[in-house]
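A closer look at the structure
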Amino acid sequence: MTRHTAAPLPATLAGMIQRLDHSRCSGTRELGTEAGSVATRHYTDPLHWQQEQQAVFSQWPIVAAHSAELGPHSALPFDALGVPIVLTRDGDGRARAFFNVCRHRGMALVAPAGADPAQARPCKALVCPYHGWTYELDGRLRHRLHAETFDGIDAATLSLVELPCDEAAGLVFVKRSPGPAFSAAAFLQGLDSHLDWLGLAGMRVFRKIDRVYAANWKLTVDAFLEGYHIRVLHRDTIYPFFADAFIVNLHAGPHQDSLVARRAAFESFETPGDRTALCKLATPTQLLFPNTFLIWHPDYVSLIGMFSPAVDQVRWVHTMLIPPDRCGEDWTPHWEKTFGLIEQTVFQQEDIATAVAIQRGLASGANAQFQLGRLEHEVLRFHRGIDAAIAGTLLPAGGDAVR
Ligand code: FES
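The following refers to the structure shown.

What counts and what doesn't
Residues numbered from 1 in each chain as written. Predicted model: local features only at pLDDT ≥ 70, side-chain atom pairs only at ≥ 80, totals over all residues. Heavy atoms only, no water. Pairing = 2+ DSSP bridges. Helix = DSSP H or I, 4+ residues; strand = E, 2+ residues; numbered from the N terminus. 1 Å grid on protein atoms, 1.4 Å probe; cavity = no way out; pocket = protein on both sides within 12 Å on 5 of 7 lines; lining within 4 Å. Points joined across faces, edges and corners; volume = space filled by probe spheres on them. Nonpolar A, V, L, I, M, F, W, Y, C, P; charged D, E, K, R; others polar. Salt bridge = Lys/Arg side-chain N within 4 Å of Asp/Glu carboxyl O. Buried < 20%, exposed > 50% of the residue type's maximum accessible area, 1.4 Å probe, protein only.

**Notes on the sheet that holds strand 8 (residues 134-135)**
The strand order across the open sheet built from 3 strands is 7-8-9, with neighbouring strands paired in antiparallel fashion. Since the sheet does not close on itself, it has two edges, and those belong to strand 7 (126-127) and strand 9 (141-143), each with one partner. Of the pairings in the sheet, the one linking strand 7 to strand 8 comprises 2 bridges and is antiparallel in character. Bridge pairing in strand 8 links Leu-126 to Tyr-135.

Structure, rendered in C-alpha cells:
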C-alpha cells in the first residue's frame, strides 16, 4: 500500500510497536496472567443467545458498513442485525439509519439485493414500492399519493423511525433499537486514532461476501483473538509468513488492537513510519467489540462482521478494502486472486470450517468447558466482556452524545 497522508503516529500504537520490538529481540511472547476456561453452553444455550441479542446486539453500536459503501445521495439496506434497516446519506454528507419499514403499511422501502451482498443504490428519496409514499433521505415523509384521503393524519408524524447512527474513522455504526444518539469516536475509546493513522477512511471496497454458516458467532470471533492456532491450522497457507504466536495487544475498553508479528520482523526491524512499513512487520488486527474485526494484510484490509442470526449460526460479512490508488481495472485480477486466497482458502476452508466442526462437536456434550492457555487470554477476556455486557456491568462508551 502506498504512503497515505497519515495522522501522527498515536503514542499508544508507538508503544505497541516498541513492545513488538522488545518481544522479538528478547524472544519472549507476551502471555496472559492465567489460563482459564469458557463454558461451552455459551455456544449452544438458546437463553444465553437471547441474552446476547438483548444486551449486546440490541444495545451496542455495531459496524454496518465502511463509509465508502454509502456515497452521497444513496441508500444501503442492512439486515444482518435481524431487523430491516436502511442506511442513507443525504447531500449534507451525514450517515443516517432508519427501520427499512414504510410508515403506511410496513413495506420495505429498499429491497435487499437477494443472494448477493447488499449494495448502496443512488437515490434522491426513498419511494415505497407498494403505494408510492416518498421519504426524504433524512426520513421525513415528503409525499403521499392521494394525500387528501388520509383525513387529517399529519405527515409530520409519519417520518421513518430513526435509529442511532454515527460514523468515525471510515466506519458507519448503527444501533438496532431506537434511542439516544451516540458518538462513534467516543465509542472507539482511542482506537479511532489508530484507524486514522492506518488510513481506513480512505480505503475503497473491492468485494463483499455475506454468508451464513453453522457455527455460533463467537467461535469465529475466538479464532481471530489468538495466534496459537496459526502454526497448525494455517500451516500451508499463511503460517509461512508469520512468527509463531508473537502478538502484542492493547485494550481500549472492550475493544482490542493487536500486532501479530510476521517473520519479516525477525529478519530486519526498523521502526515503521507508515502503514506499509508496519504491515510488513506485523498484521494489525482490531476487534471492535462485540463482533467486528479489521485485519490489515500487507496490501489490503479485511473488514469482517460476525453476526448472530441463531444460536448455532454465524452470518459472516467480509468486505475486502483496497487502497484507492490500486482500484483500476489493471488491478482487478490481482485482487480477485487475493480475495480467493484469503476468503475461500484461509477463512472458509480453515477458520470457518473449524468453527463449524467445533459446533458439531458441541452437540456431543464431550466438553462442558473449553480450556484456554495463556496464549489465548484474549479469548477469555472477550467472553468475560460478553458476560459483563449481559450482566449490565459493561456498557458502550460514547452513549447519549449531543450532536
Ligand atoms: Fe408503503 Fe403503502 S406500504 S406506501
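**Here's the deal with the layout of surface pockets**
In this structure, the largest pocket spans a volume of roughly 790 Å³. Every element with two or more residues in the lining of the largest pocket is listed here: strand 14 (242-252), strand 15 (255-262), strand 16 (282-288), helix 9 (332-362) and helix 10 (377-391). At 9 residues, the largest contribution of residues to the lining of the largest pocket is made by helix 9. Class assignment of the residues belonging to the lining of the largest pocket gives a composition of 19 nonpolar, 14 polar and 7 charged.

**Considering the pattern of salt bridges**
If the charged atoms of two oppositely charged side chains come close together, the side chains can form a pair. The full count for this structure, using the stated rule, is 18 salt bridges. In this structure, Asp-45 engages Arg-41 in a salt bridge whose closest nitrogen and oxygen atoms are separated by 2.9 Å. For the salt bridge of Glu-167 with Arg-89, the shortest nitrogen-to-oxygen distance reads 2.8 Å. Here Arg-89 lies in strand 4 (residues 85-89) and Glu-167 lies in strand 11 (residues 165-168), a separation of 78 residues in the sequence. Residue Arg-89 is classed as buried on the basis of its relative accessible area of 8%.

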